[in-house]
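Breakdown of the fold
Each chain, written out:
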Amino acid sequence: MLKLSALDLEDLAVISAQMQDAVLLAGDMRYDPKRKQFVLIANRFAWDGADTPQRRRTGLHFGRVLSVKTLNMRHLEKDEVLSLLSITFAETDAPSGELLLTFSEGATVRLAVECLECQMGDLGPAWAAQGVPQHPLDDDDSEEDASL
């Protein structure tokens, strides 16, 4: 089971890689403005070396969050499944900046933060995944597939 934290871009890249292809329900994200916290619970694909494909229930916590904005998510019901593609951070006025959670189908969550503060932790045992997420390695192949 993994437990990671990120206070800089290098650490966040590790968490983003571990959370890539995590699936969650749109309703499994919460923002608490009084506590300045944004949290989500997802089923992450365990990229960390199991012999058979596995998923783990994982919590992701962002601290010092000032605001949350979404794009392409208004139409989503709470029980709709999202697939997390990446988590990135861009400084705006150091140390503050914006965290961007990018999901498949163009859905995004943008967090304005005082500084980068993120924790990720597995919440329980792994279970067998139904498959391994696939990503095209060659842009030419993906363009060719799109025209079919």
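These lines cover the structure that appears in this document, whether it is placed above or below.

Definitions and limits used
Residues numbered from 1 in each chain as written. Predicted model: local features only at pLDDT ≥ 70, side-chain atom pairs only at ≥ 80, totals over all residues. Heavy atoms only, no water. Pairing = 2+ DSSP bridges. Helix = DSSP H or I, 4+ residues; strand = E, 2+ residues; numbered from the N terminus. Phe/Tyr/Trp six-rings, centres within 6.5 Å; stacked < 30°, edge-to-face > 60°. Buried < 20%, exposed > 50% of the residue type's maximum accessible area, 1.4 Å probe, protein only. Arc of directions from axis to C-beta. Contact = heavy atoms within 4.5 Å. Polar contact = N/O pair within 3.5 Å; in protein donor to acceptor, adjacent residues only side chain to side chain. Core = buried A, V, L, I, M, F, W, Y, C linked by side-chain atoms within 4.5 Å.

**Regarding the pairing of strand S8 (residues 96–103)**
- As judged from the eight bridges shared by strand S7 (residues 81–93) and S8, these two strands associate in the antiparallel manner. Bridge pairing in S8 places Ser 86 opposite Thr 102.
- A loop of two residues connects S7 with S8, the two strands running antiparallel in sequence.
- In this structure, S8 lies alongside strand S9 (residues 108–113), joined through six bridges in antiparallel fashion. Along S9, the bridge assignment pairs Glu 98 with Ala 112.

**Examining the packing of aromatic side chains**
- What the rule picks out here adds up to one aromatic pair.
- A ring pair is formed by Phe 38 and Phe 62, whose centres lie 6.4 Å apart and whose planes are at 45 degrees; its orientation type is tilted. With Phe 38 in strand S4 (residues 37–45) and Phe 62 in strand S5 (residues 54–63), the pair connects residues that are 24 residues apart, well separated along the chain.

**So, helix H1 (residues 9–19)**
- Within the span of H1, buried status applies to Leu 12, Ile 15, Ser 16, Gln 18 and Met 19. Along H1, the residues classed as buried sweep out an arc of 165 degrees about the axis, all on the same side.
- Buried residues along H1 sit against strand S1 (3–6), S4, S5, S7, S8 and strand S10 (118–122).
- N-capping of H1 is provided by Asp 8, with a side-chain oxygen placed 3.2 Å from the backbone N of Glu 10.
- In the segment just after H1, Asp 21 is the residue with positive phi, at about 75 degrees.

**A closer look at the nonpolar core**
- One finds Met 19, Phe 62, Ile 87 and Leu 101 to be the most contacted residues of the largest nonpolar core, which totals 30 residues.
- Looking at this core, the elements that each hand over two or more residues are H1, S4, S5, S7, S8, S9 and S10.
- In contact with Ile 87, other than residues within four places in its own chain, are Leu 12, Ile 15, Ser 16, Met 19, Leu 60, Phe 62, Leu 99, Leu 100 and Leu 101.

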